[in-house]
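Close look at the chain arrangement
Chain by chain, the residues:
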Amino acid sequence: MAPQLSWVNVEAVASPPGPADSDLPLASTDPVLALADVADQLQWVADALIPAAPELDMPSAVEAGVIDRLLPRALQARPDLAGPLVAALADLPVLVPEDPLGAVRALEGAQFELVSHVIAGAYFLDDEINRRLKYPGQESLGYDPDFEEIEEVINRVIARGPVFIDV
Amino acid sequence: MNLLDPKIDTADVVIIGAGPSGAVAAQSFAEAGFSVVCLEQGEYPDYTLVRSTEPEFELTKDQHYGWYPNRRNAPSDYPINDTESDVAPLMWNGVGGSSVIYAAAWHRLKPSDFRVHTVDGVAADWPLTYADLEPYYQRVEEQFSVSGAPGDPAYPDGNEPPLPPFPLGAMERKFAAAHDRLGWHWWPGVNSIATVRHGNLTPCVRRGSCLWGCFDGAKASVDRTHWPRNIQLGVKLVQRARVTRIETGSDGLATGVSYIDRATGSERFQPARTVIVAANGVGTPRLLLNSASATHPQGLANSSGLVGKNLMMHPYSTVVGLFDDFFEGWQGPYGQRAYSLEFAETRPEHDFVRGAKWQLMGTGGPLNTTGSFPWGGSGAWGPDFHREVKRRFGHSAYWAIIAEDLPSEENAVTLDSSLTDADGMPAPKLNYRASENTNRLMEFNYTKAIESMKEAGAYDTIIAPIVRETGWHLLGTARMGKDPASSVVDGFGRTHDVANLFVMDGSVMPTSGAVNPTGTVAALALRNAEHAIASARSQRLSNASA
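What comes next concerns the included structure. Treat the numbers as computed from the prediction; the structure is a model and nothing was measured.

The number of helices and strands found in chain B is 12 helices and 16 strands. Rg of the C-alpha trace for chain B: 22 Å, near the compact-globule value of 24 Å for 546 residues, within the 12% margin. Overall, the C-alpha framework of chain B stretches about 70 × 50 × 45 Å when taken along its three principal axes. Here chain B holds 546 residues, and 67% of them are scored as buried.

Next up, the structure:
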């Protein structure tokens, strides 16, 4: 059964069209589509882009919770991307194609970038995934320079002499 | 517009643009007792939109503080036709200007950068020298809370950042040792980021969001370093004011500026005795060209025909190294951790002139391993996804190669014949191609940067040739010089054609150097503003605005 994702509606969140030379699809062409309408595509697209890698101890996108937990969170953070995501997924077949990754890659370049960026962005919201990658997030670090070390290092560079044309 | 509207005071100085050069100039004029009005098309940045403390940071960082106005498409932005440009222009339009999103890598130009024609027989000499600008560099480095190690031998004596440097990390140590073995220049990053409390800035906690707005208040963007004091000094900062024209009187002198109040859509006029344009290397020529009139049919201050020409954008490539070591490459400063100026100037054995700066950076968080920057192409997907993420994340560093860009009149900003902004003002159109000199320079630097990476222990390298969306540095489009036939402004930013009109941004740079230009832009603004103040008594004013 497809997850319930109809909480987000393209009509409500689609961005206005961008300037003529913008290369991102900023608005859905079909204002009535919602994410729930492309739930079948989302299911196979997510794992086509991010399949499981047991040998590296990494789950697939669906196993990690992208569909039911992480993507809604990602789109809450980036509601401007919901409309373009739905529009791109709507261009893909409902049933799993023979070559799923090839089918996603066949999307127009900016659409592929968008879909892959949002799916991966949702995947990397997961704490456990980040723990396995040893990514603690953007930490607040204290200021504790070793001035003696810095001095040693720069003195070696200074000892090599000037590095500029003197005019 | 109504020049005689008694409700609008004639300002001593009107400044167009609240970015670094506008802020520095405003402060100098206000401190000297001049009445100053600054018109800014955008608003103050809302730093609460920067989610650098949350897991959502990577996904949200380019939503509000993306670099490319054609994609960001904020109400304060204007469209730019860049279809005929190798490099896309980047900027942030609001109070603080592009200092809100700059890396804060802080540099002075080198002495030879002011003498390119004399030294290399190409391009142009500046009408001032390193020694002329040196005292102003020192003063703006204090204003911008610059931190770093003193004594860099890539510069003459006296280059001493006022704040102490960031600590060295594992990545920096690797490259320091590698360049020791190679005998090449290397220096810990010098950044306009406070390492200790300084002025309005709090000490950096290295969250690494420098390029997408600093929530923590440590990066020197002028909305923080300058505008609070400017307001205290009485500078009137008008937000959402899109200047469309500089107006001139029958005597050819500037009388003030027309602008659209974006809040109401109404057209207004701000009379002023002196007009200063500080709208960046694209916005400034756009405005001067759009200020054409019967007496200035080619655009204002354009008797040389050089307004908009000689656009320089610092073509930018990356050489990424992949390592077995694990670096915290997502932390700040982000930014530059270190730099090398080993190959920044001409050498007789090269088949090109001038050179490049190398800037050492980490490659960001996990999501950044899947994008195209700095990798030169999208990440791996499907069966290769996890292997590539693990290969890249934490195990990579890159040299950003910033190439000195020689001026060419074919590289230009003009007005687009059909594209306009939301207020109907013609959009700028860019024609820009990297030169053969640049291509040779880049090829050489790729080879050397790979050598550096391998010496530092990289087991593999990736080259991203000139990356399109890297036009942070917009320079040269209203170049300074002594000769009115071959330059737009004099050595103090005053236009040759209009005695009470000044340009004070990167547009005035006759050559680009190879380094990040904000230090030079700010130093020039300070020098030019103080010169204008000192010579104010002899300043010619329009009869219409006196």
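What follows covers the overall build of chain A. Along the backbone of chain A there are 9 helices and 0 strands. Reading the secondary structure of chain A in the N-to-C direction produces α-α-α-α-α-α-α-α-α. By residue count, 50% of the 167 residues in chain A fall in the buried class. Pairs at least 24 apart in sequence give 72% of the contacts found in chain A among residues at least 6 apart. Carbon and sulfur atoms make up 53% of the accessible area of chain A, which amounts to about 8,100 Å² in all.

Attention now moves to the interface of chain A and chain B. Tallying the contact residues gives 61 residues for chain A and 74 residues for chain B. Between chain A and chain B the total buried area reaches about 5,600 Å² when both faces are included, carbon and sulfur atoms providing 65% of it. When the area that chain A buries against chain B is broken down by residue, the three leading residues are Gln138(A), Tyr143(A) and Val163(A), summing to 13%. Where chain A touches chain B, the interface holds 5 salt bridges. Between Asp180(B) and Arg156(A) there is a salt bridge, with its nearest N and O atoms 2.5 Å apart. Mapped by element, the contributors of at least two residues to the side of chain A that touches chain B are α2 (39-49), α4 (66-77), α6 (100-105), α7 (109-123), α8 (127-133) and α9 (147-159) of chain A. Grouping the amino acids of the side of chain A that touches chain B by side-chain chemistry returns 38 nonpolar, 10 polar and 13 charged.

A word on α2(A). Counting buried positions along α2(A) yields 8 of 11 residues, so the element is predominantly enclosed. Every buried residue belonging to α2(A) is among Ala39(A), Gln41(A), Leu42(A), Trp44(A), Val45(A), Ala46(A), Ala48(A) and Leu49(A), and all of these are buried.

To continue, consider the environment of Lys7(B). Of note, Lys7(B) is situated in the segment before β1 (11-16). Sequence separation between Lys7(B) and Pro297(B) is 290 residues, and the spatial gap between their C-alpha atoms is 32 Å.

Residues and elements named next belong to chain B. If you walk through the whole model with that rule in mind, you get 33 aromatic pairs over all chains. Between Phe57 and Trp212 the ring centres are 6.0 Å apart and the planes differ by 85°, which places this aromatic pair in the edge-to-face class. Note that Phe57 is positioned in helix α2 (residues 57-64) and Trp212 in the loop between β4 (187-188) and α7 (222-225), a separation of 155 residues in sequence. Here Trp212 falls in the buried class, since its relative accessible area comes to 7%. When the centroid spacing of 6.1 Å and the interplanar angle of 40° are considered together, the rings of Tyr130 and Tyr137 count as tilted.

As a further point, take the sheet that holds β4(B). Residues and elements named next belong to chain B. In space, the 6 strands of this open sheet follow the order β4-β10-β11-β12-β9-β15, with antiparallel pairing throughout. The two strands at the open ends of the sheet, each matched to only one other strand, are β4 and β15 (460-464). Sheet topology places β4 next to strand β10 (residues 338-340); 2 bridges connect them, and they run antiparallel. Bridge pairing links Pro188 to Ala338 in β10.

In this section: the packing of α4(A) against α7(A). Each pair of packed helices can be summarised by the angle the axes make with each other and by the distance between the axes. All names here are of chain A. Between α4 and α7, the shortest axis-to-axis distance is 8 Å and the interhelical angle comes to 105°. On the basis of their axis angle, the class for α4 and α7 is roughly perpendicular. Contacts between α4 and α7 involve Val66, Leu70, Leu71, Ala74 and Leu75 on the former and, on the latter, Val118, Ile119, Ala122 and Tyr123. Within the contact of α4 with α7, the residues separate by chemical class into 9 nonpolar, no polar and no charged.

It is worth spelling out the pairing of strand β6 (residues 241-248) of chain B at this point. Residues and elements named next belong to chain B. Among the 8 residues in β6, 6 count as buried, and that is most of the element. The pairing of β6 with strand β7 (residues 254-261) spans 7 bridges and is classified as antiparallel. Bridge pairing links Arg242 to Ile260 in β7. The antiparallel pairing of β6 with β7 creates a hairpin that spans 5 residues between the two strands, and Gly252 there sits at a positive phi of about 85°.

On the surface, a cluster of negative charge is made up of Asp144(A), Asp146(A), Glu148(A), Glu151(A) and Glu152(A). Examined against the element boundaries, Asp144(A) turns out to sit in the loop between α8 and α9.

Residue and element names in this part refer to chain A. Axis separation between α2 and α7 bottoms out at 10 Å; the angle between their running directions is 85°. Here α2 is positioned roughly perpendicular relative to α7, judged by the angle of their axes. Two secondary-structure elements touch here, α2 through Leu42, Val45, Ala46 and Leu49 and α7 through Phe112, Val115, Ser116 and Ile119. Within the contact of α2 with α7, the residues separate by chemical class into 7 nonpolar, 1 polar and no charged.

Turning our eyes to something else, we now look at the side chain of Asp80(A). Locating Asp80(A) in the fold gives a position in the loop between α4 and α5 (82-90). For Asp80(A), a relative accessible area of 18% gives the class buried. Side chain to side chain, Asp80(A) and Gln63(B) meet in a polar contact 3.1 Å long.

Looking now at the sheet that holds strand β14 (residues 426-432) of chain B. Residues and elements named next belong to chain B. Taking strand neighbours across the sheet as the criterion, the 3 strands line up as β3-β14-β13 in an open arrangement whose pairing is mixed. In this open sheet, the two strands that pair with only one neighbour each are β3 (81-85) and β13 (412-420). Here the strands of the sheet are splayed against their neighbours by 30° on average, with no regard to which way each runs. In terms of strand pairing, β13 meets β14 through 5 bridges, oriented antiparallel. Each bridged residue has a counterpart across the sheet, and for Leu415 the counterpart in β14 is Pro428. Contacting β13 and β14, helix α9 (residues 280-290) runs over the sheet at an angle of about 70° to β13.

Cut-off values and rules
- Residues numbered from 1 in each chain as written.
- Chains lettered and ligands numbered in written order.
- Predicted model: local features only at pLDDT ≥ 70, side-chain atom pairs only at ≥ 80, totals over all residues.
- Heavy atoms only, no water.
- Helix = DSSP H or I, 4+ residues; strand = E, 2+ residues; numbered from the N terminus.
- Rg over C-alpha atoms; globule rule 2.2 N^0.38 Å.
- Buried < 20%, exposed > 50% of the residue type's maximum accessible area, 1.4 Å probe, protein only.
- Contact = heavy atoms within 4.5 Å.
- Areas by Shrake-Rupley, 256 points an atom, 1.4 Å probe, with all protein chains shown as cover.
- Buried area = accessible area lost by both parts, 1.4 Å probe.
- Salt bridge = Lys/Arg side-chain N within 4 Å of Asp/Glu carboxyl O.
- Nonpolar A, V, L, I, M, F, W, Y, C, P; charged D, E, K, R; others polar.
- Phe/Tyr/Trp six-rings, centres within 6.5 Å; stacked < 30°, edge-to-face > 60°.
- Pairing = 2+ DSSP bridges.
- Axes fitted to C-alpha atoms, helices over the stretch in contact; angles between N-to-C directions.
- Parallel < 35°, antiparallel > 145°, perpendicular 65-115°, else oblique.
- Patch = residues over 30% accessible without salt bridge, like charges linked within 9 Å, V, L, I, M, F, W, Y side chains within 5 Å.
- Lys, Arg positive; Asp, Glu negative; His and termini not counted.
- Charge placed at Lys NZ, Arg CZ, Asp CG, Glu CD.
- Polar contact = N/O pair within 3.5 Å; in protein donor to acceptor, adjacent residues only side chain to side chain.

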